[in-house]
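Here are the chains, one letter per residue:
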Amino acid sequence: MMEKLIVSYAPHIRTHRTTQRLMLDVIIALIPSLIASIVFFGIKSLFLVLTTVASCVLFEFAWQKIFKNDITVCDLSAVVTGILLAFNMPVSAPLWMGVVGGAFAIIIVKMCFGGLGNNFVNPALAARAFLLLSWPVNMTKWTPTVFVSKAAQGGADVITGATPLGVLKETGKISFDYMDMFLGNISGCIGEVSTLAIVIGFIYLLVKKVITWHVPVIYVASVFIFAELMGENGLFYILSGGLMLGAVFMATDYVTSPMSLKGNIIYAFCLGLLTVVIRKFGALPEGVSYSILLMNIVTPLIDNVTKNRYYGKAKKSKEAKQ
Amino acid sequence: MKFKTFKGGIHPNDKKELTNKVPVTKHIPLDEIIIPLRQHIGAPCDPLVNVGDYVYMGQKIGESQSFVSAPVHSSVSGTVSAIKSHPHPGGGEAMCVFIKNDYEDKLDPSIKPFSLELNPKSIKDYVDSLDSADIVHKVKESGITGMGGAAFPLHVKLSPPSDCKIDTVLINGAECEPYLTSDHRAMLERPQLIFAGALLVAKAVNAEKIIIAIESNKPDAIELFEEMAKDYPEITIGVLKTKYPQGSEKQLIQAVTKRQVPSGGLPANVGLLVTNIDTCSAVTRAVVMNMPLIERNVTVSGDAVKSPKNLLVRVGVTFQQLFDACDGFIEEPKKIVMGGPMMGIAQSTTEVPVIKGTSGILAFTKPETYGKEEGTCIKCGKCVDVCPMRLMPNALSIFSRMEKVEKLNDYHVMDCMECGSCTYICPQRRFIVQHIKHGKSVVKNSQQKGNK
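Definitions and cut-offs
- Residues numbered from 1 in each chain as written.
- Chains lettered and ligands numbered in written order.
- Predicted model: local features only at pLDDT ≥ 70, side-chain atom pairs only at ≥ 80, totals over all residues.
- Heavy atoms only, no water.
- Helix = DSSP H or I, 4+ residues; strand = E, 2+ residues; numbered from the N terminus.
- Expected span 1.5 Å × (residues − 1).
- Buried < 20%, exposed > 50% of the residue type's maximum accessible area, 1.4 Å probe, protein only.
- Contact = heavy atoms within 4.5 Å.
- Buried area = accessible area lost by both parts, 1.4 Å probe.
- Salt bridge = Lys/Arg side-chain N within 4 Å of Asp/Glu carboxyl O.
- Polar contact = N/O pair within 3.5 Å; in protein donor to acceptor, adjacent residues only side chain to side chain.
- Nonpolar A, V, L, I, M, F, W, Y, C, P; charged D, E, K, R; others polar.
- Domains from an automatic or database assignment.
- Pairing = 2+ DSSP bridges.
- Axes fitted to C-alpha atoms, helices over the stretch in contact; angles between N-to-C directions.
- pLDDT = per-residue confidence, 0-100.

Draft legend 1. Highlighting helix α5 (residues 191–205) of chain B. All names here are of chain B. With 15 residues, α5 extends 22 Å from end C-alpha to end C-alpha; this agrees with the ideal 21 Å at 1.5 Å per step. In terms of burial, α5 is largely enclosed, as 13 of its 15 residues are buried. Just past α5, the residue Asn206 takes up positive phi, approximately 55°.

Printed below as a string of structure tokens:
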């Protein structure tokens, strides 16, 4: 007869969509952008990605070994951080910077605060900000894409690798083809240039229900609206810089975005406003990473003001008024 | 067709195909029947019989003076062999009456033969001829409780507070728990009894409207009921989206009527009475025949069971007998659950008896919620999305572990109905609802302390 039956509280079934599966889906969704980066910037971008991933995973593993924590590198979150960090760097960045960036992201931003779930800002973005402040020249040395260089070889034109936003900031002019911007044939960080690849990843994430459409769509839409309101070209604002990458893959980071739908709407809307304000009035041409970092910090406050919800509330407040 | 539903909820694999096509088989009780004196929410019964007494099938053997309680009856005829404490499927032990079956099934003299013709006209005439108070009395005497799982005494629901006017009776045929098909089979096999019972319940509370709500994963039942409802102008059929916990009282009310029960309130506060679908057929038998609730459909399923099926089971039969009736196990089960896999109660032994609220018994070889270390909350908000009570389960689970009573109240911990959707969906496999259960008891304790 059955000697040992397990007695535990309900529920007795669970979804198979664990963190590991969700992170694997994010990695799959990042693959189109990885391919695009190799197409536009050559194989060196793959080396950069591999460096940052290895750095993130190793530092997380080492930390957990040294401090005798549970080893959780298998949840793949460090891999995602690594890929996103590389995606936020120019292809010309030296590989040692990838290692330093990975160390900063994992040790300072993630593990010092208690590991996955306890970091208050997105590790990849914080590391990018750290690299940008520490080595501004390396982090803003833009290389033209493979195709632009080839086309220029015949002519005598000096090739500039300036990003669309950089050109806009300096000259106030928009001198890029929208189709190039959509496909990714522009200078910039390796993962952010191809809007097309990011949109493919976005659709995959939606189909797999890893994220909902709210944050990316509201973020991008509010950037468009605020840009137009401030007399800028909304479409250019959407296709340029790291907006698409940030909206789909970094603003939606579980840990650092609000938990409720209402909170997410407020969060995404503020992101759009901040991005446009930084781009238009700030000293830097790009504002996506700083807006997301700022809103990450505001997230606990948003969670706090949107917490008060429960079933049957509407009814009660109505009664209270009567 | 647009299905009615509520906000939140999850879509587990429902596994109903294991049992939903097979007609219910009658189970013959063996030697000994174990009738717990506590089978419902409310006060336990005191035994009315002594060891050595002869009891008829359907004879009342336990009763309580308390209003929120339901009497218990013998489900076989035979001799009382013992009255002692025995493991209870609801957890722990309870006083039980053991009856030695004489296999005669001699009915109690008060039980009349079933005299009602099951056609719309005679059902309606019959219901019209009855008095509300009489129906409530018969329901109480027959020990009828909700048969969906919680086993709340029905006569209490039929006596709503005097300031609440019930306008609609909602019959719950959602059966949203995975694996369970006992209500589904009841709908297909005794629809007229259910319709008659629904009319009786409505008559008891003088409600004008009846809505029978069925989930969209039972198309055969929906078709049958819609066809039958044409003869009953007061009955409408509501088709619900297949989603867990669609059959939860408050979520069902919201889906079907768009009304919201106030926090801490009862369905009666918004003019509704909700009862389970098979309870209606028990009501019909109770009113027409004086037949107490001693028999019910039980789904026996799960990956460990050799031939999963639905059985018509007498109350008091042990789980082991039912598993034997399903040809035993393919593989030794690691977990036995009474009820559905989302809210059911895990059992420590198969020697516990079936009670009035046993909608199913499940045996699993691979328990999915055991032994896994939980991760830290990654604030993904999935539990927040699925919570049908629109709470923040992640925050509640953390405050529960810290036992912060003030914060727990602030986040409305007592509104949690413990449906388990949050624990099901959590990608970090946190035991969210388990923590919240603890948090609720902490809050209750502190309130009691405060009152003293």
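That was the structure; now back to the text.
Draft legend 2. Just the interface of chain B and chain A, in detail. The interface is formed by 65 residues belonging to chain B together with 40 residues belonging to chain A. Note on chain B versus chain A: buried area summed over both sides is about 4800 Å², and carbon and sulfur give 57% of it. In terms of surface lost to chain A, no three residues of chain B exceed Ile378, Lys379 and Arg429 of chain B, which account for 13% of the buried area on that side. There are zero salt bridges connecting chain B and chain A. The interface formed by chain B and chain A contains 18 residue pairs in polar contact (both at pLDDT 80 or more). Mapped by element, the contributors of at least two residues to the side of chain B that touches chain A are α7 (249–257), β15 (335–338), β16 (345–347), α10 (382–386), α13 (421–425) and α14 (432–451) of chain B. Classifying every residue of the side of chain B that touches chain A by side-chain character gives 30 nonpolar, 20 polar and 15 charged.

Draft legend 3. Fine view of the domain arrangement of chain B. Residue and element names in this part refer to chain B. Structurally, chain B comprises domain 1 (111–289) and domain 2 (382–451). Here the C-alpha centroids of domain 1 and domain 2 sit 31 Å apart. Together, the buried faces of domain 1 and domain 2 total about 480 Å²; carbon and sulfur atoms form 48% of this surface. Contact with domain 2 buries area across many residues of domain 1, yet Tyr244, Pro245 and Gln251 alone supply 62% of it, more than any other trio. Applying the counting criterion to the domain 1 and domain 2 interface returns three residue pairs in polar contact (both at pLDDT 80 or more). In terms of residue class, the side of domain 1 that touches domain 2 is built from two nonpolar, four polar and one charged.

Draft legend 4. Summary view of the sheet that holds strand β13 (residues 295–301) of chain B. Residues and elements named next belong to chain B. With respect to topology, six strands assemble into an open sheet ordered β1-β14-β13-β17-β15-β16, the strand pairing being mixed. The open sheet is flanked by β1 (25–26) and β16, the only strands paired with a single partner. As judged from the three bridges shared by β15 and β16, these two strands associate in the antiparallel manner. Bridging across to β16, Val337 finds its partner in Ala346. Of the strands in this sheet, β13 and β14 (309–314) touch helix α4 (residues 182–189), which is tilted by about 130° from β13.

Draft legend 5. Looking closely at the confidence of the model for chain A. For chain A, the average pLDDT comes to 88, and 92% of its residues sit at 70 or higher. Across residues 315–322 of chain A, where pLDDT falls below 50, the model places five contacts with residues more than four positions away in sequence or in other chains.

Draft legend 6. Layout of unusual backbone geometry. For the bond from Ala10 of chain A to Pro11 of chain A, the omega torsion is -5°, close enough to zero to count as cis. When you line up the elements, Pro11 of chain A lands in the segment before α1 (19–41). Note that the residue after Tyr244 of chain B, namely Pro245 of chain B, is joined by a cis bond; omega there is -5°. Within the fold, Pro245 of chain B resides in the loop between β11 (235–240) and α7. Phi at Tyr103 of chain B is positive, roughly 60°, even though this residue is not glycine. Summarising the element assignment, Tyr103 of chain B is placed in the loop between β8 (93–101) and α1 (120–128). Positioned with a positive phi, Asn290 of chain B is a non-glycine residue whose angle comes to about 65°. Within the fold, Asn290 of chain B resides in the loop between α8 (277–289) and β13.

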